[in-house]
Amino acid sequence: MDEDDQIAVVEIYRGVGIEDQQPLERIEFVKREIDRVHRMSGADELADYAGDAGHPPEARLLAGARAEALWEIAGEERRLRPISLERLRASTAGLGSRRWRDPWRYASLLDHDGVEREQPLADEE
């Protein structure tokens, strides 16, 4: 993803950018979900979280990155890789991208669900 397509962030929390155009209450919820992802340790659990459009995009991206790191470590240690990397990447595709950002939900346009926004995003073009 090029820099022009990245969603602007309003702050960094525990190394994760918090996306713009969210009310303060939503940002506090996103931070709690980032904390939740940091407490997870299993690749399956992280991959399931990343694939659920009901969770905030920022936390889903973190879960996906952590699951992918565990996948890499398993390969380096010649252990069975516990998740499908293709499925994991597909479940987070479009997140963090302005082009694929759903204006009506906190999700990607590639997701089939997601939490509705309090008000739709203004056209960024």
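Residues numbered from 1 in each chain as written. Predicted model: local features only at pLDDT ≥ 70, side-chain atom pairs only at ≥ 80, totals over all residues. Heavy atoms only, no water.

Student: Would you take a moment to explain the nonpolar core for this structure?
Tutor: Across soluble globular proteins, you tend to see nonpolar side chains buried next to one another. Residues Ile34, Val37, Leu46, Tyr49, Ala63, Ile83 and Leu88 are the most contacted members of the largest nonpolar core, which totals 20 residues. Not counting chain neighbours up to four residues away, the residues in contact with Ala63 comprise Val37, Leu46, Tyr49 and Ala50. (Core = buried A, V, L, I, M, F, W, Y, C linked by side-chain atoms within 4.5 Å. Buried < 20%, exposed > 50% of the residue type's maximum accessible area, 1.4 Å probe, protein only. Contact = heavy atoms within 4.5 Å.)

Student: Mind showing me how you'd approach the packing of aromatic side chains here?
Tutor: Pairs of aromatic rings are described using the distance from one ring centre to the other and the angle between the two planes. Scanning the model with the defined rule gives zero aromatic pairs in all. Above the face of the Tyr106 ring, Arg26 is positioned so that its terminal group lies 3.8 Å from the ring centre. If you follow Arg81 out to its NZ or CZ, it ends over the ring of Trp71, 3.6 Å from the centre. (Phe/Tyr/Trp six-rings, centres within 6.5 Å; stacked < 30°, edge-to-face > 60°. Lys NZ or Arg CZ within 6 Å of the ring centre and 35° of its normal.)

Student: What is the right way to look at the pairing of strand S2 (residues 16-19) in this model?
Tutor: Residues in a regular strand project their side chains so that they alternate between the two faces of the sheet. Relative to S2, strand S1 (residues 9-13) is paired through four bridges, and the arrangement is antiparallel. Bridge pairing in S2 places Tyr13 opposite Val16. Here S1 folds back onto S2 in antiparallel fashion, the turn holding two residues, of which Arg14 has a positive phi close to 50°. (Pairing = 2+ DSSP bridges. Helix = DSSP H or I, 4+ residues; strand = E, 2+ residues; numbered from the N terminus.)

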